[in-house]
Number of protein chains: 4
Amino acid sequence: MARAVDVKSGRKSGARREQRLELRHAPQIGSRHQQSARARRKEARPAEILAAALDIFAARGFAAAKLDEVAAKAGVSKGTLYLYYRNKEALFEAVVREKLGPEIDRMERMVEGYSGSPSDLLAMIFTQVATLVSRKEIAAIPKMVIAESGNFPDLAQFYFDNVIKRGTSILGRVIGRGVETGEFRVVDVPQAVKVLMAPILFLAQWRTAFEIHDDAPLDVKAFSRAHVDLALAALRRPNEGEAA
Amino acid sequence: MARAVDVKSGRKSGARREQRLELRHAPQIGSRHQQSARARRKEARPAEILAAALDIFAARGFAAAKLDEVAAKAGVSKGTLYLYYRNKEALFEAVVREKLGPEIDRMERMVEGYSGSPSDLLAMIFTQVATLVSRKEIAAIPKMVIAESGNFPDLAQFYFDNVIKRGTSILGRVIGRGVETGEFRVVDVPQAVKVLMAPILFLAQWRTAFEIHDDAPLDVKAFSRAHVDLALAALRRPNEGEAA
Amino acid sequence: MARAVDVKSGRKSGARREQRLELRHAPQIGSRHQQSARARRKEARPAEILAAALDIFAARGFAAAKLDEVAAKAGVSKGTLYLYYRNKEALFEAVVREKLGPEIDRMERMVEGYSGSPSDLLAMIFTQVATLVSRKEIAAIPKMVIAESGNFPDLAQFYFDNVIKRGTSILGRVIGRGVETGEFRVVDVPQAVKVLMAPILFLAQWRTAFEIHDDAPLDVKAFSRAHVDLALAALRRPNEGEAA
Amino acid sequence: MARAVDVKSGRKSGARREQRLELRHAPQIGSRHQQSARARRKEARPAEILAAALDIFAARGFAAAKLDEVAAKAGVSKGTLYLYYRNKEALFEAVVREKLGPEIDRMERMVEGYSGSPSDLLAMIFTQVATLVSRKEIAAIPKMVIAESGNFPDLAQFYFDNVIKRGTSILGRVIGRGVETGEFRVVDVPQAVKVLMAPILFLAQWRTAFEIHDDAPLDVKAFSRAHVDLALAALRRPNEGEAA
DNA sequence: GATGAATGAGATTTCATTCAT
DNA sequence: TATGAATGAAATCTCATTCAT
């Protein structure tokens with residue numbers, strides 16, 4: 001009944017929806033003027049830890065990952081992890097958020113900088129994203145987020161808002177433009193977007209989960225070509241010509 | 001049968017490839033002659049436990065799932081779980097295998113019993129599987145398998161062989177037939193199969209991971225319609241007519 | 001930012017003042033009909049653990065006490081402690097509350113059952129409480145509560161309400177009656193009560209903290225006699241006769 | 001000098017009894033010749049650290065006090081603490097010894113410099129000590145010493161010798177003189193001394209532990225007045241006059 | 001002398017598994 | 001067969017102490 005004074009001030013933040021990406025290195029290590037070997041090492045720490053953590057979390061999942069392993073892989077002691085991340089959860093979230101952020105930014109710039117026909121744009125997006133997602137350490141992120149969505153709802157929300165939603169929005173605009181210009185036939189855009197995105201997620205999951213189980217490992221190039229080919233064929237007006 | 005990677009020693013249990021679905025009711029507790037209420041209850045035990053376990057594993061993942069919770073949900077004591085399943089891993093594997101088996105059988109019978117045009121068959125397969133996969137407890141299985149593929153390679157292998165491979169094989173045959181009959185255009189079948197299957201996985205993942213995070217939850221019917229529509233449009237010979 | 005779902009439902013209760021004593025054995029172990037050796041052992045567990053914990057907490061203080069030691073002394077494993085008490089804090093609080101409760105009840109009954117002159121009553125109270133408090137395991141309780149008052153404010157409050165306040169109230173009534181009857185002189189009752197109670201606390205502290213450091217250990221009987229003598233002399237009307 | 005009981009090996013450091021107050025400014029950092037602002041700061045360090053440490057130790061107890069907090073409060077880095085004090089134990093002991101020493105000296109001078117009637121002397125001692133002890137940072141010392149007497153037996157011994165014993169000795173002499181002069185009645189002096197000192201300890205404990213839990217906080221002046229009044233009434237020969 | 005990042009021993013706590021009943 | 005109390009290995013996390021700068 002009686003409770004001790006809260007030793008740690010462990011505040012649990014209330015769920016905030018629609019969290020927008022605004023990330024940087026958690027323990028903001030000031031840009032010292034002189035760059036001693038030690039200081040250089042120190043500034044690299046968060047990144048080193050995140051890289052190690054991503055590996056371990058990706059391989060084992062959140063719960064089965066041991067901080068011992070992460071520390072060993074990062075070349076630091078267990079205690080050091082806690083210098084940079086409040087606890088295991090915070091580390092996990094940082095892994096997802098900080099690894100995701102740059103990639104999303106890159107993707108967004110890529111799409112925005114481009115101005116071709118909807119078909120070409122779609123082809124380019126699918127191809128680029130497939131290349132991105134075929135990198136194991138990137139592919140691991142959706143796997144982890146989906147696996148832990150029940151235990152880390154905020155993280156799932158974050159992923160949903162920053163990847164799924166933004167992705168569907170971009171794709172929706174491209175398809176919509178194609179429909180307007182008459183290049184594409186009239187389709188149920190919100191659903192079509194999901195259907196056409198699906199192979200990207202599939203690719204990611206395959207790479208992380210089944211690659212080693214298939215006799216003939218998935219050929220990313222060929223897969224992506226088929227994806228683009230089928231997507232464009234699916235969207236194009238029936239009387240119009242050829243395929244990619 | 002399938003063994004998780006031993007966390008301590010790190011060794012992977014002897015990989016056995018191409019395991020075919022065989023196990024069904026793991027702890028074959030014989031059909032006693034007299035059927036008292038209690039005995040009936042007893043025979044129902046394994047199924048009750050599996051159902052409870054699926055719920056918990058799906059919500060939390062393998063590692064974070066507590067056998068306490070499973071036992072409570074199944075309405076038995078913790079010790080009783082061990083009467084039916086050797087340990088937590090065995091229970092997890094049983095959940096996947098026993099829940100998967102019947103569904104795969106059903107799907108197979110369904111496809112084999114059908115004899116329409118490739119287009120119609122494809123439409124039917126996609127629609128039926130979408131309905132199946134939209135059930136949360138079914139959708140949870142691929143999620144769990146993918147999440148734990150690193151820790152349970154044999155289980156991933158099992159899933160790959162019995163779901164992915166069989167699924168691609170069936171789909172491959174349907175598409176192949178369509179190409180032969182001239183109903184479909186010539187495509188890279190192995191890749192096309194994966195691309196066209198992807199929305200099914202996508203649907204499963206969405207249902208288990210993001211459903212609660214989306215403002216407008218996914219409309220399975222509309223999604224499936226779009227899937228069929230786009231798939232057929234993508235495969236059909238360009239000069240030929242309409243969509244579903 | 002994103003927070004994982006609370007795994008343990010670690011609710012921190014808001015501070016409730018004036019908590020009244022209403023204690024029993026935390027994990028209410030039902031009174032089974034048959035009393036097997038094991039069951040008997042099990043019912044004894046909470047008491048065994050509390051006794052061990054009191055010893056260790058008294059000797060080391062809350063923070064320095066190791067649950068290893070408590071478990072060893074109680075003859076159980078570390079895990080077993082958690083079967084009966086949520087965590088270290090809960091165990092500490094249980095020690096104080098459950099050890100205190102019976103003693104307070106006993107004291108109260110003792111005082112209420114008595115009906116002599118205020119002088120006699122006072123003498124009896126002081127003598128009895130001194131005897132009680134001279135028991136090391138009882139004396140340890142105020143020591144612990146005072147030491148941890150900053151870390152366990154609710155517990156300090158509990159002690160204050162149930163020991164200090166009730167004690168002062170009882171004493172206040174006795175002295176008040178003495179003043180009314182003219183047996184005692186007129187004094188500042190609220191302050192006098194504290195002054196006259198003080199030697200009891202002093203005795204407790206001495207026993208737990210300094211006993212081993214004094215060449216001539218405190219003679220409880222003589223101390224108590226002096227306490228009673230001086231207290232009565234201090235209260236009695238000047239023209240009236242002396243005390244023992 | 002005083003050593004805590006080694007938690008691991010359990011051995012008590014060589015008990016040295018009757019240690020007399022000697023240590024004062026533990027790390028005698030010489031009085032540098034030039035007195036720059038920085039140097040002055042440096043010389044003030046030990047005192048600043050001790051003040052901060054007293055605060056933290058008093059609030060949390062020895063074990064729960066974090067050197068991080070002490071360092072932060074003292075405005076130095078954690079490493080700096082170790083420049084002045086060998087370790088946490090040494091710091092704790094320094095806090096008690098250095099804070100106690102000056103106060104004891106002051107009390108002693110006060111008593112020795114006075115030469116009135118035993119009654120007046122007693123009244124003065126009680127009043128002065130009450131004032132002293134009502135200061136929270138002074139009151140915290142006995143609380144800490146008593147709380148940690150099991151872990152720091154040498155420190156308890158030190159306190160016993162330098163405070164308790166000296167206090168009882170002084171008081172004993174005053175009362176003895178009063179008995180000789182016939183001003184006081186004949187009492188069991190060694191016990192009476194303890195009984196009459198007790199309210200001082202009580203005051204200290206109350207201030208640190210229960211003050212915040214009482215609805216009407218203790219009025220030090222009134223309490224002290226009652227203490228003196230009752231003590232003198234208790235000692236004075238019965239046929240003799242007035243009260244405070 | 002002063003710093004504070006890094007360490008790692010050690011504490012608490014959890015939970016799959018066992019086993020007496 | 002069923003139970004659930006007990007276990008203890010293993011994980012997370014803390015914090016006094018060190019030491020390169």
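## Brief notes about the relation of the copies chain C and chain D
With an RMSD of 0.1 Å, chain C superimposes on chain D once it is rotated by 180° and translated 0.0 Å along the axis. Taken together, the rotation angle and the small translation identify this as a two-fold axis. Scanning chain C for the C-alpha nearest the rotation axis identifies Ala234 of chain C, at a separation of 2.0 Å. Here 98% of the interface residues in chain C have copies in chain D that are interface residues too; the copies meet face to matching face.

## Quick notes on the interface of chain B and chain A
In this assembly, 57 residues from chain B lie in contact with 56 residues from chain A. When the two sides are added together, the surface that chain B and chain A hide from each other amounts to roughly 4,800 Å², 66% of it contributed by carbon and sulfur. When residues of chain B are sorted by the area they lose upon contact with chain A, Phe210, His213 and Leu230 of chain B head the list and together hold 14% of the total. For the interface between chain B and chain A, the tally reads 2 salt bridges. We note a salt bridge from Asp229 of chain B to Arg185 of chain A, for which the minimum N-O separation is 3.2 Å. At the surface where chain B touches chain A, the tally comes to 4 residue pairs in polar contact (both at pLDDT 80 or more). At the level of elements, helix H1 (37-60), helix H6 (136-147), helix H7 (153-181), helix H8 (189-210) and helix H9 (220-235) of chain B are the ones that each hand at least two residues to the side of chain B that touches chain A. If one sorts the elements of the side of chain B that touches chain A by residue count, H8 of chain B sits on top with 14 residues.

## Comments concerning the packing of aromatic side chains
Applying the stated criterion to the full structure yields 44 aromatic pairs over all chains. Ring centres of Tyr159 of chain A and Phe210 of chain B lie 5.8 Å apart, and the angle between their planes is 10°; on these two criteria the pair is classed as stacked. One end of the pair, Tyr159 of chain A, is in helix H7 (residues 153-181); the other, Phe210 of chain B, is in helix H8, on a second chain. Given the relative accessible area of 7%, Tyr159 of chain A is considered buried. Seen in terms of ring centroids, Phe202 of chain D and Phe223 of chain D are 6.1 Å apart; in terms of plane orientation they differ by 15°. Their pairing is stacked. A residue pair is termed long-range when its members are at least 10 positions apart, and Phe202 of chain D in helix H8 (residues 189-210) and Phe223 of chain D in helix H9 (residues 220-235) qualify at 21 residues. Looking at Phe223 of chain D, the relative accessible area reads 1%, which means it is buried.

## A look at the interface of chain C and chain D
The partner chain D presents 57 residues to the 56 residues of chain C that form the contact. When chain C packs against chain D, close to 4,800 Å² is buried across both sides, 66% of that on carbon and sulfur atoms. Summed over the three residues of chain C that lose the most area to chain D, namely Phe210, His213 and Leu230 of chain C, the buried surface amounts to 14% of that side. Applying the counting criterion to the chain C and chain D interface returns 2 salt bridges. Counting across the interface, chain C meets chain D through 4 residue pairs in polar contact (both at pLDDT 80 or more). Of all the secondary structure elements, the ones that give two or more residues to the side of chain C that touches chain D are helix H1 (37-60), helix H6 (136-147), helix H7 (153-181), helix H8 (189-210) and helix H9 (220-235) of chain C. Among the elements that line the side of chain C that touches chain D, the one with the most residues is H8 of chain C, at 14 residues.

## A short note on the relation of the copies chain B and chain A
Expressed as a screw transformation, the operator carrying chain B onto chain A has a rotation angle of 180° and an axial translation of 0.0 Å, and the superposed copies differ by an RMSD of 0.1 Å. Here 96% of the interface residues in chain B have copies in chain A that are interface residues too; the copies meet face to matching face.

## Quick notes on the protein's contact with DNA strand F
In the vicinity of DNA strand F there are 37 residues, among which Arg45 and Thr80 of chain B together with Arg45, Thr80 and Tyr84 of chain C approach most closely. Among all atoms of DNA strand F positioned within 4 Å of the protein, those belonging to sugar or phosphate total 75%. With respect to DNA strand F, the side chain of Tyr82 of chain D contributes an N or O atom lying 2.8 Å from a phosphate oxygen. A breakdown of the residues in the surface near DNA strand F according to their chemical character gives 13 nonpolar, 9 polar and 15 charged.

Conventions adopted
- Note on numbering: residues in each chain are counted from 1, in written sequence order.
- To read the labels, note that chains go from A and ligands from 1, taken in the order they are written.
- The predicted nature of this model means local features are confined to residues of pLDDT at least 70 and side-chain atom pairs, given and counted, to a pLDDT of 80 or more, with totals for whole chains, interfaces and linings taken over all residues.
- In computing side-chain properties, one takes all heavy atoms of the structure into account and sets aside hydrogens as well as water.
- Least-squares fitting of one copy onto the other uses the C-alpha atoms of those residues that reach a pLDDT of at least 70 in both copies.
- Only heavy atoms matter for contacts: two residues are in contact if any of them lie within 4.5 Å across the pair.
- For any pair of parts, buried area is found by adding up, for both, the accessible area (1.4 Å probe) each one loses once the two are put together.
- When a carboxyl oxygen of Asp or Glu is within 4 Å of a side-chain nitrogen of Lys or Arg, the pair counts as a salt bridge.
- N or O atoms closer than or at 3.5 Å make up a polar contact, with two conditions inside protein: a donor-capable atom paired with an acceptor-capable one, and, for residues adjacent in sequence, both atoms drawn from side chains.
- The numbering of helices and of strands both runs from the N terminus, where a helix is a DSSP run of H or I of at least 4 residues and a strand a run of E of at least 2.
- When two rings of Phe, Tyr or Trp (its six-membered ring) have centres within 6.5 Å they constitute a pair, described as stacked for plane angles under 30 degrees, edge-to-face for angles over 60, and tilted for the intermediate range.
- To sort residues, take the accessible area from a 1.4 Å probe on protein chains only and compare it with the maximum for the residue type: under 20% means buried, over 50% means exposed, and anything in between is partly exposed.
- The cutoff for a nearby residue is simple: one of its non-hydrogen atoms must lie within 4 Å of the molecule or strand.
- Charged means Asp, Glu, Lys or Arg here, nonpolar means Ala, Val, Leu, Ile, Met, Phe, Trp, Tyr, Cys or Pro, and polar covers whatever is left, Gly included.

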